Amino acid sequence: RRLFAEGAFSQSFVPVFAEAQARQSHAELQRLVDVVSGTLGGVLCLVTAGGVLGAPLLLGLFAPGFGSDPAKYLLGVHLLRITFPYLMLISLTALASGVLNSHGRFAIPAVTSSLLNLCMIAAVLIDARSVEVLAWAVLAGGFVQLGFQLPSLARLKLLPRPRWGWHDPQVRRILRLMLPILLGSSVAQISLLLDTVIASLLGTGPVSWLYYADRVMEFPLGLFSIALGTVILPHLASHHARRSEQAFSDTLDWGLRAVLVIGAPAAVGLLLLAGPLISTLFQHARFTTADVAMTRWALMAFALGFMGFSLVKILVPGFYARQETRAPVRYALVALAAGMAMSVVLVGVLWWFGWSAAYAGLAASTSINAWVNATLLLRRLKRDGIYRPRPGWMSFGARLVLANLAMAALLLWLGGDLASWTRTPTLLRVERLFEVIAAAVALYFAVLWLAGLRIGHLRHAPTERTL
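Every chain's residues receive numbers from 1 upward, in the order its sequence appears when written. Note on the predicted model: pLDDT of at least 70 is required for a residue's local features to be given, and 80 or more for side-chain atom pairs to be given and counted; whole-chain, interface and lining totals, by contrast, use all residues. Based on all heavy atoms of the structure, the side-chain values leave hydrogens and waters out of the count.

Enquirer: An account of the pattern of salt bridges is needed here, citing residue identities and associated values.
Expert: For this analysis, a salt bridge means a side-chain nitrogen from Lys or Arg found within 4 Å of a carboxyl oxygen belonging to Asp or Glu. Applying the stated criterion to the full structure yields seven salt bridges. In this structure, the salt-bridge partner of Arg215 is Asp214, at a minimum N-O distance of 3.0 Å. Look at Asp214 and you get buried, because its relative accessible area is 19%. Put simply, Arg380 and Asp384 hold a salt bridge, and the shortest N to O gap is 2.5 Å. Buried means the residue's accessible area, taken with a 1.4 Å probe over protein chains only, is under 20% of the maximum for its type, while exposed means over 50%, and partly exposed covers the values in between.

Enquirer: Residue-level account of the environment of Val99, with values.
Expert: What counts as a helix is a DSSP run of H or I of at least four residues, what counts as a strand is a run of E of at least two, and both are numbered from the N terminus. One can find Val99 in helix α5 (residues 86-102). Between the C-alpha atom of Val99 and that of Val36, which follows or precedes it by 63 residues, the distance is 11 Å. Not counting residues within four places of it along the chain, the set of residues in contact with Val99 comprises Phe13, Phe17, Val33, Leu153 and Leu158. Between two residues, a contact is recorded if the distance between any of their heavy atoms is within 4.5 Å.

Enquirer: So what about helix α18 (residues 426-450)? Which residues, and what values?
Expert: Expected span of a helix: the number of residues minus one, times 1.5 Å. With 25 residues, α18 should cover 36 Å at 1.5 Å per step; its first-to-last C-alpha distance of 36 Å lies within 8% of that length. Arg429, Leu433, Val436, Ala440, Tyr444, Val447 and Leu448 are the residues of α18 that are buried. Looking at the buried residues of α18, the elements they touch are α10 (245-272), α11 (274-282), α16 (393-415) and α17 (418-422). Note on α18: the residue one or two positions beyond its end, Gly452, has a positive phi of about 105 degrees.

Enquirer: Explain the packing of helix α3 (residues 55-62) against helix α4 (residues 70-83) residue by residue, including any values.
Expert: Close contact between α3 and α4 brings their axes to 9 Å; oriented N to C, the two are set at 120 degrees. Judged by the angle between their axes, α3 and α4 are oblique. Relative to α4, α3 is oriented so that their crossing is right-handed. Taken together, the residues of α4 that come into contact with α3 (itself represented by Ala55, Pro56, Leu58, Leu59 and Gly60) are Tyr73, Gly76, Val77, Leu80 and Arg81. Lys, Arg, Asp and Glu make up the charged group, whereas Ala, Val, Leu, Ile, Met, Phe, Trp, Tyr, Cys and Pro make up the nonpolar group; the residues left over, Gly among them, are polar. The residue inventory of the contact of α3 with α4, partitioned by class, reads seven nonpolar, two polar and one charged. Axis definition: a line fitted to C-alpha atoms, over the contacting stretch in the case of helices. Angles run 0 to 180 degrees between N-to-C directions. Angles are sorted into four bins: roughly parallel if under 35 degrees, roughly antiparallel if over 145, roughly perpendicular if 65 to 115, and oblique for all others. Rotating anticlockwise by less than a right angle from the far helix to the near helix defines a left-handed crossing, while the corresponding clockwise rotation defines a right-handed one.

Below, the structure is given as structure tokens:
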């Protein structure tokens, strides 16, 4: 999915489509959608067939620790074969989202991501004891997500009529842009493979604890950071196509300020409320208080890199919108190499000292990876004059620090110890967590307002019309 859907494909397709939108006729846009959908669909059919047939090999690569339990291994193979065709469906959905986002239609693609969750919730209501039902829900979610976007494409008169176009110049251009991103994504998957292998060798639990922590971290990341990156990519590509350098830089500046205003308190909240969040969300049935404590360490380690992940989501579009793919991939490779080395070192050191949560070193190394990547990307954009920070960053940063310190103090006071959460009934935990978060959010924005920052100033990205 990272290769073919929201990853390499989307980041290559949107800039090419935005350029065509700015310079070509509607008929030429339709032809581009047709050949890209036909070519992508054809390739994905082959990839999907390979994934289904090669499921035993894939599972053996990504979770060798499962091989010690034949029943677990066979179940994993079976579930992978059910869910793998989702790749083709979500990739075509990503194509549709790219077209809609380039036309300023963000609502439908944004809602689309929730449909998979609704399908999985429905599956749990049908049979909460069957993991196979959940797997079928993933596949059904792919059909629902793709079908949900087709009417919007029809209203734009850009409904795909797939046809093969491997030799089409624009398809070739998208492929040339994809190749470096594919390389970076492949290395990312190798890093993920290494982390999963290490986690699966640490006994029963670490793979799941890391997964649950990652899901919690991904929620605000997808809700805010990835959403902002998705919004600014077509705008940046449009500014580049029109050679509006100042508007391009100002849009990046707006994205960075917006993600800091929203992301910084989210990172503080994930770090200081890791235990209450995990307890409230997952402490049910077989998810014990011990699982809460172990997952908490992983989430805290992920939280340290949350802003690094968020900044990357804003900075990378600054390269891809200009159809520059080699530099960000090169930086990603450097960051991934650092992260992979730290995975081995941190887990090894923590395991040597006998810490039961040694797997948290994997999450910490991922956070280091994100910060290294973000630093390299920002330095390059500033060095090349692509991004020129607007005035007021010192006062803006001071206000953010003040507001986050005030919020952190409140969270430390209201959060209490983890035992007070794990002993509380579920409904009371939900109520208490809601009250704590509401109080923290209110204090954060109140301090920002008292410090002179008006959130309305960040409501809209700057455009050529407002400059």
